[in-house]
Amino acid sequence: MAIKTKETKHLYLLLTKTASIFSRIIAFIMGDKYTHSAIALDKKLEKMYSFGRKRIHNPFLGGFTEERINYGVYLFSPYVPCVVLELDVTDEQYENVKKDLDYFVANKKMYKYNYRTIYNHLFSSYHKSKYRFACSEFVYYILQKNNVLDFNLPIAAVRPQTFLDKLPDKIIYKGNLHKYRSFLYMLNQAYADKAKA
């Protein structure tokens, strides 16, 4: 469940299902609609943080990643199904999350991708290495550490789909990732027109 806080700022979670082979394998095995998750500090998703492939064409070289909508695996397909979630946080939580993300950026060479994640979910074996994360494990770790979310689950038990299942009321967008910023622009225009009326 989400921990209620004084709402002053927001964090954003992006859930996607790309056209990569690895994403298709995860979707087939787990039966999930979304297979990747990332966290962002701004609504436009200018920069997102996660764990995944470090090189576009090599799914077996994984670690901490800084992602952008128009770069990397998101360019494999003109249509990338996605969901964007907006989480309410306090100023203190926001700044602490930012500090944690900055720490991972500065120390990214220490961390690797957790390739045991599929095995963990299939056999409910939630072993977690200190320096290895899957995308959803990382996102949940950051949020739980800063008292933004607590699903009462082991970190290794959280999948991208878990965020959607647990937080359906936090959805602000569902559709093609490549049209998300157009959606925001139209939304802002609608607010501006309403303010002028």
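Residues numbered from 1 in each chain as written. Predicted model: local features only at pLDDT ≥ 70, side-chain atom pairs only at ≥ 80, totals over all residues. Heavy atoms only, no water.

Q: Which residues make up the overall build of the protein, and what values do they have?
A: Along its length, the protein carries six helices and eight strands. Helices (α) and strands (β) of the protein occur, in sequence order from the N terminus, as β-α-β-β-β-β-α-β-α-β-α-α-β-α. Counting the 197 residues in the protein, one finds 45% classified as buried. Partitioning the contacts of the protein with sequence separation of at least 6, the portion at a separation of at least 24 is 65%. (Helix = DSSP H or I, 4+ residues; strand = E, 2+ residues; numbered from the N terminus. Buried < 20%, exposed > 50% of the residue type's maximum accessible area, 1.4 Å probe, protein only. Contact = heavy atoms within 4.5 Å.)

Q: Can you tell me about the side chain of T16, naming the residues and giving the values?
A: Position of T16 among the secondary structure elements: in strand β1 (residues 9–16). What T16 contacts, discounting residues up to four positions off in sequence, is Y34, T35, H36, Y74, V80, P81, C82 and L177.

Q: Please set out the nonpolar core residue by residue, giving values where relevant.
A: Counting 34 residues, the largest nonpolar core has I39, F138, L143 and F163 as its most contacted members. Element by element, the count of residues in this core is highest for helix α4 (residues 135–145), at five residues. Not counting chain neighbours up to four residues away, the residues in contact with I39 comprise Y12, L13, K47, M48, Y49, V97, L101, F138, V139, I142 and L143. Of all hydrophobic cores here, the second largest spans 16 residues; its members include A38, M48, V80 and L177. (Core = buried A, V, L, I, M, F, W, Y, C linked by side-chain atoms within 4.5 Å.)

Q: Let's hear about a positive patch on the surface: which residues, and what values?
A: Taken together, the side chains of K54, R55, K109, K112 and R132 make up a positively charged region of the molecular surface. Here R55 is to be found in strand β3 (residues 48–55). (Patch = residues over 30% accessible without salt bridge, like charges linked within 9 Å, V, L, I, M, F, W, Y side chains within 5 Å. Areas by Shrake-Rupley, 256 points an atom, 1.4 Å probe, with all protein chains shown as cover. Salt bridge = Lys/Arg side-chain N within 4 Å of Asp/Glu carboxyl O. Lys, Arg positive; Asp, Glu negative; His and termini not counted. Charge placed at Lys NZ, Arg CZ, Asp CG, Glu CD.)

Q: Any chance you could break down the pattern of salt bridges for me, citing the residues and the numbers?
A: Going through the model one piece at a time under the given rule, you end up with eight salt bridges. A salt bridge links K47 to E66; the nearest nitrogen and oxygen atoms lie 3.4 Å apart. A residue pair is termed long-range when its members are at least 10 positions apart, and K47 in the loop between β2 (36–40) and β3 and E66 in strand β4 (residues 58–67) qualify at 19 residues. The shortest N-O distance in the salt bridge between E66 and K108 comes to 3.9 Å. Here E66 is found in strand β4, whereas its partner K108 is found in the loop between α2 (91–106) and β6 (112–113), with 42 residues between them in sequence. Judged by relative accessible area, K108 falls into the partly exposed class, the value being 36%.

Q: An account of the side chain of T18 is requested, with residue identities and associated values reported.
A: Secondary-structure assignment places T18 in the loop between β1 and α1 (21–30). Beyond its immediate stretch of four places on either side in the chain, T18 contacts S23, T35, V73, Y74 and V80.

Q: An account of the pairing of strand β5 (residues 81–89) is requested, with residue identities and associated values reported.
A: In terms of burial, β5 is largely enclosed, as seven of its nine residues are buried. Examined bridge by bridge, β1 and β5 share eight bridges and lie antiparallel to one another. Paired with L14 across the strands is V84, a residue of β5. (Pairing = 2+ DSSP bridges.)

These figures capture arrangement, not role.
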